[in-house]
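# Structural characterization, general
Chain by chain, the residues run as shown.
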Amino acid sequence: PNRLFLYWTAEERKENALMEIPYQSEHRHALSNHLELVVSHIEEGNFRVRKPPAPEICHACDIRHLCKQEGVI
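Residues numbered from 1 in each chain as written. Predicted model: local features only at pLDDT ≥ 70, side-chain atom pairs only at ≥ 80, totals over all residues. Heavy atoms only, no water.

## Concerning the overall build of the protein chain
Let me state the cut-off plainly: Runs of E in the DSSP output that reach at least two residues are strands. Runs of H or I that reach at least four are helices, and both are numbered from the N terminus. To get the radius of gyration, use the C-alpha atoms; to get the globule rule, take the number of residues to the power 0.38 and multiply by 2.2 Å. Buried means the residue's accessible area, taken with a 1.4 Å probe over protein chains only, is under 20% of the maximum for its type, while exposed means over 50%, and partly exposed covers the values in between. Should any heavy atoms of two residues lie within 4.5 Å, those residues are counted as being in contact. Using the Shrake-Rupley algorithm and a 1.4 Å probe, accessible areas are obtained, with residue cover drawn only from the displayed protein chains.
The helix and strand inventory of the protein chain stands at three helices and two strands. The N-to-C order of helical and strand elements in the protein chain reads β-β-α-α-α. For a compact globule of 73 residues, the expected C-alpha radius of gyration is about 11 Å, and the protein chain comes in at 16 Å, more than 25% above that figure. Burial status across the protein chain gives 1% buried among its 73 residues. Summarising the internal contacts of the protein chain: among those between residues at least 6 apart in sequence, 6% fall at separations of at least 24. Summed over all atoms, the accessible surface of the protein chain reaches about 7,100 Å², with 56% contributed by carbon and sulfur.

What follows is the structure in structure tokens.
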């Protein structure tokens, strides 16, 4: 592909919900390595929320109740 798209489901205005990202195959390996590192930190429980998101962000999140239940936020 030559481009990727993200669709922000919580965006109120449909015209602002779609975000185009240019795809560069030469960056794929670095991105894959970075994501693997992030996943390993999450699996090890090696993370913390330094600054909670704004209330409107949490309100739109499907797993917001889990953060409170687990004490993440």
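## With respect to a nonpolar patch on the surface
Counted only if it meets this: Patch building starts from residues that exceed 30% relative accessible area and form no salt bridge, then joins like charges within 9 Å and nonpolar side chains (Val, Leu, Ile, Met, Phe, Trp, Tyr) within 5 Å. Definition used for salt bridges: Asp or Glu carboxyl oxygen within 4 Å of a side-chain nitrogen of Lys or Arg.
A cluster of nonpolar side chains, namely Val38, Ile42, Phe47, Val49, Val72 and Ile73, defines an oily patch on the protein surface of about 460 Å² accessible area. Within the secondary structure, Ile42 sits in helix α1 (residues 28–43).

## Looking at the environment of Glu56
The residue Glu56 is located in helix α2 (residues 55–59) in this model. On the basis of relative accessibility, which here comes to 56%, the residue Glu56 falls in the exposed class. Spatially, the C-alpha atoms of Glu56 and His41 are 27 Å apart, while their sequence positions differ by 15 residues.

## Some details on the confidence of the model for the protein chain
Which entries qualify depends on this criterion: Per residue, pLDDT measures the predictor's confidence, with a range of 0 to 100.
Looking at the protein chain as a whole, the pLDDT averages 87, with 100% of positions reaching at least 70. No element of the protein chain has a lower mean pLDDT than helix α3 (residues 64–70), which averages 84, and none a higher one than α1, which averages 92.

## A look at the pattern of salt bridges
Evaluated as defined, the whole model comprises two salt bridges. Residue Glu20 is joined to Arg3 by a salt bridge in which the shortest nitrogen-to-oxygen separation is 3.8 Å. Residue Glu20 is found in strand β2 (residues 18–22), and its partner Arg3 is found in strand β1 (residues 3–7); the two are separated by 17 residues along the sequence. A relative accessible area of 43% places Arg3 in the partly exposed class.

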